[in-house]
Amino acid sequence: MAKRVYFAFHYQDVIDFRANVVRKHNTLTSAEKAGYFDASIWEESKKKGDLALKRLINGELKNTSVTAVLIGSETYARTWVRYEIFKSLEVGNTLLGIHINSIKGKDERVKSKGPNPFDYCGLRISDDGRKGAPIIWSKDKWYYFSKLDGFTIRQQPEKYRGKNIKLSTWYSTYDWVGNKGNLNFKKWIG
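Report follows, based on the coordinates. This structure is a prediction, so every number in the text was calculated from the model and none was measured.

Rules of the game
- In this convention, every chain numbers its residues from 1, walking through the sequence in written order.
- Selection of residues for local features in this predicted model requires a pLDDT of at least 70, selection of side-chain atom pairs for listing and counting requires 80 or more, and totals for whole chains, interfaces and linings are taken over all residues.
- Computation of side-chain values covers all heavy atoms of the structure but excludes hydrogens and water.
- Secondary structure elements are taken from DSSP: a helix is a run of H or I of four residues or more, a strand is a run of E of two residues or more, and numbering for both begins at the N terminus.
- Only protein chains enter the accessibility calculation, which uses a 1.4 Å probe; a residue is then buried when its area is under 20% of its type maximum, exposed when over 50%, and partly exposed in between.
- In this analysis, two residues are considered to be in contact whenever any of their non-hydrogen atoms come within 4.5 Å of each other.
- Accessibility throughout is a Shrake-Rupley quantity obtained with a 1.4 Å probe, and a residue counts as covered only by protein chains that appear here.
- Here, nonpolar core refers to any group of buried Ala, Val, Leu, Ile, Met, Phe, Trp, Tyr and Cys residues whose side-chain atoms link them within 4.5 Å.
- Whether a set of points on the 1 Å grid over the protein atoms alone is a cavity depends on a 1.4 Å probe fitting there but being unable to get out, while an open set qualifies as a pocket with protein on both sides within 12 Å along at least five of seven lines; lining residues are those with an atom within 4 Å of a point.
- Grid points are joined across faces, edges and corners, and a volume is the space filled by probe spheres set on the points.
- Basically, the charged four are Asp, Glu, Lys and Arg, the nonpolar ten are Ala, Val, Leu, Ile, Met, Phe, Trp, Tyr, Cys and Pro, and anything else, Gly included, counts as polar.
- This arc is taken over the directions from the axis of the helix to the C-beta atoms.

What about the overall build of the protein?
Line of reasoning, step 1. The number of helices and strands found in the protein is seven helices and ten strands.
Line of reasoning, step 2. Within the protein, the proportion of its 190 residues that are buried is 46%.
Line of reasoning, step 3. Partitioning the contacts of the protein with sequence separation of at least 6, the portion at a separation of at least 24 is 71%.
Line of reasoning, step 4. When the accessible area of the protein is evaluated, it comes to approximately 10100 Å², of which 48% is carbon and sulfur surface.

Re the nonpolar core
Line of reasoning, step 1. I57, V69, I85, F86, L89, L123 and L167 are the most contacted members of the largest nonpolar core, which has 26 residues in total.
Line of reasoning, step 2. With six residues, the top contributor of residues to this core is helix α5 (residues 79-91).
Line of reasoning, step 3. Of all hydrophobic cores here, the second largest spans 17 residues; its members include A19, L96, I98 and F185.

A word on the layout of surface pockets
In this approach, a probe sized like a water molecule rolls over the atoms, and the result shows the empty space that is left.
Line of reasoning, step 1. In this structure, the largest pocket encloses a volume near 230 Å³.
Line of reasoning, step 2. In the lining of the largest pocket, the residues fall into six nonpolar, four polar and one charged.

What to know about helix α7 (residues 181-188)
Line of reasoning, step 1. Among all positions of α7, only G181, N184, F185 and W188 are buried. Buried residues of α7, seen end-on, are gathered within an arc of 135° and therefore sit on one face of the element. Exposed residues on α7 whose side chains face more than 90 degrees from its buried face are L183 and K187.
Line of reasoning, step 2. Directly after α7, the chain includes G190, whose backbone phi takes a positive value near 75°.

What is shown is where atoms sit, not what they do.
Printed below as a string of structure tokens:
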């Protein structure tokens, strides 16, 4: 059965066409064969304010089981991508990252790989290992992510308790071109 996938990305990567290659790679086949349905939203909703955007993201994440973060040059630093990542964790989605700068943009060029957002997003694990407070890395220090409160998480092993843990500890990233995403996306989303 096809999974419902939420795509998180920086809007510039839509303008440059890279995000569209991944999001729309199943248009030549049925969603069932592709293994997913696209449940992403567009950033135009930002004009309505933070609360409206949160509600829209939260609504779009409902009934999804996977969040694919499309990683371009600036994705790691986008506040709303961070919100989508943390909210995905809160609702229990599987997370994965897909580097898209190896895809030719509308200018027919590729870019160097962008920073992994999972290295810049993390959780401050409670001493009992049952709660995670969203944190972000900025200017050589971890800060609490103010747009979302902490949430209950799966019991964490002793080695993570009371520590700040990068999400890259738990979540994989792939390169769309190098790892043949057009053939392997269905496997990546499980």
